[in-house]
Amino acid sequence: MKSLIKNTKWIFVLYSLAAILAMVGIGLAIGLRSVIGIFAAILLLCLIMGMGFKKKKEMREAGLL
C-alpha cells in the first residue's frame, strides 16, 4: 500500500479531479439550460485535459514516467 501511495503522480490526480468537476459543471449547466455555461464548462474541460496531456508529455520526455 505504501508503494502505491509513494509512486502516485499527484499532479495527475489533481488534473483528473479538476476534469471531473468540469464534467459536473457541464451537467449542471445542462440542467440549468445555460448555453453559455455549457460552452464555458466544455472549454474548461478541454483546457484541463490539454494541460494534463502536455504535462504527461513533458514528464515522459524527461524520463520521469
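Residues numbered from 1 in each chain as written. Predicted model: local features only at pLDDT ≥ 70, side-chain atom pairs only at ≥ 80, totals over all residues. Heavy atoms only, no water.

> Go over helix H3 (residues 35–61), please, and point to the residues and values.
Under the 1.5 Å per step criterion, the end-to-end length of H3 is 39 Å for 27 residues, consistent within 8% with the ideal 39 Å. Where H3 is concerned, the buried positions are Ala41, Leu45, Ile48, Gly52 and Met59. Considering only its buried residues, H3 is in contact with helix H2 (10–32). A positive phi of about 80° marks Gly63, the residue just after H3. (Helix = DSSP H or I, 4+ residues; strand = E, 2+ residues; numbered from the N terminus. Expected span 1.5 Å × (residues − 1). Buried < 20%, exposed > 50% of the residue type's maximum accessible area, 1.4 Å probe, protein only. Contact = heavy atoms within 4.5 Å.)

> Give me the nonpolar core: which residues, what numbers.
Grouped together as the largest cluster of nonpolar side chains are seven residues: Tyr15, Ala19, Ala22, Ile26, Ala41, Leu45 and Ile48. If you list the elements that add at least two residues to this core, you get H2 and H3. With four residues, the single largest contributor to this core is H2. (Core = buried A, V, L, I, M, F, W, Y, C linked by side-chain atoms within 4.5 Å.)

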